[in-house]
Amino acid sequence: MAGGSAIRGSRVGAGPMGEAERGDAAPRVNVTYYCANGHTVRPSFAEESGSEVPEQWDCPRCGFPAGRDPENPPAPHKVEPYKTHLAYVKERRSDADGAAILDEALTRLRERKIIV
């Protein structure tokens, strides 16, 4: 049976909440930020004593950092390319070091007669 009540899913005393029930909103300040791609971001912050508005904000459209100066927006972060394990080893060892380690390992294996 599909009969029901008009207030189904509601609770007693529920009604539209207005400013009278919620209280007054905190004073806000809107700050404009500019990113390197020309996007503009305008987040709002509560005006509280002791709180500071950040100098940079992430652009929600491109992810670049955004600053307050429209003429000089902050530069995007430099992304380092992925390095393989071999690239890290080559940073720590020279070619001569690698050849010496290889010769030492081959000598040990030949002594065990694993490699001819």
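The preceding data block contains the structure.
Everything numeric in this text was worked out from a predicted model, so none of it was measured.

About the criteria used
- Residues numbered from 1 in each chain as written.
- Predicted model: local features only at pLDDT ≥ 70, side-chain atom pairs only at ≥ 80, totals over all residues.
- Heavy atoms only, no water.
- Helix = DSSP H or I, 4+ residues; strand = E, 2+ residues; numbered from the N terminus.
- Buried < 20%, exposed > 50% of the residue type's maximum accessible area, 1.4 Å probe, protein only.
- Contact = heavy atoms within 4.5 Å.
- Areas by Shrake-Rupley, 256 points an atom, 1.4 Å probe, with all protein chains shown as cover.
- Phe/Tyr/Trp six-rings, centres within 6.5 Å; stacked < 30°, edge-to-face > 60°.
- Expected span 1.5 Å × (residues − 1).
- Pairing = 2+ DSSP bridges.
- Salt bridge = Lys/Arg side-chain N within 4 Å of Asp/Glu carboxyl O.

Got a minute to help me understand the overall build of the protein chain in this structure?
For the protein chain, the helix and strand inventory stands at three helices and six strands. For the protein chain, buried positions account for 10% of its 116 residues. In the protein chain, 30% of the contacts between residues at least 6 apart in sequence involve partners at least 24 apart. Element-wise, carbon and sulfur atoms account for 52% of the exposed surface of the protein chain, whose accessible area totals about 10300 Å².

Just to check I follow, could you spell out the packing of aromatic side chains for this structure?
Pairs of aromatic rings are described using the distance from one ring centre to the other and the angle between the two planes. Scanning all chains against the criterion turns up two aromatic pairs. With a centroid separation of 6.2 Å and 20° between ring planes, the pair formed by Y33 and W57 is classed as stacked. With Y33 in strand β2 (residues 33-35) and W57 in strand β5 (residues 56-58), this pair connects stretches of sequence that are 24 residues apart. Residue classification places Y33 among the buried positions, given a relative accessible area of 0%. A ring pair is formed by F45 and W57, whose centres lie 5.2 Å apart and whose planes are at 85°; its orientation type is edge-to-face. With F45 in strand β4 (residues 44-46) and W57 in strand β5, the pair connects residues that are twelve residues apart, well separated along the chain. For F45, a relative accessible area of 16% puts it in the buried group. A relative accessible area of 32% places W57 in the partly exposed class.

Looking at this structure, I do not really get helix α3 (residues 95-111). What am I missing?
Given 3.6 residues to a turn, an α-helix orients residues that are three or four positions apart in the same direction. Here α3 contains 17 residues, and its C-alpha end-to-end distance of 24 Å stays within 8% of the 24 Å for a straight helix at 1.5 Å per residue. One or two residues past the end of α3 sits K113, with phi positive at roughly 60°.

When you look at the sheet that holds β2 in this model, what are you seeing that I'm missing?
Neighbouring strands of a sheet are bound in pairs by backbone hydrogen bonds; such pairs are parallel or else antiparallel. One open sheet holds the four strands; their spatial order is β3-β2-β6-β5, and the pairing between them is antiparallel. Either end of the sheet is taken by a strand with one partner, and the two such strands are β3 (40-41) and β5. Two elements, β5 and strand β6 (residues 65-67), share three bridges in a ladder whose sense is antiparallel. Residue D58 lies in a different strand from β6, and its bridge partner there is P65.

Is there a simple way to think about the pattern of salt bridges in this case?
Within the structure shown, the criterion is met by two salt bridges. Between E91 and K83 there is a salt bridge, and its shortest N-O distance comes to 2.4 Å. A salt bridge links E104 to R108; the nearest nitrogen and oxygen atoms lie 3.6 Å apart. One end of the pair, E104, and the other, R108, are both in helix α3, four residues apart, so they sit about a helical turn from each other. With a relative accessible area of 45%, R108 lands in the partly exposed category.

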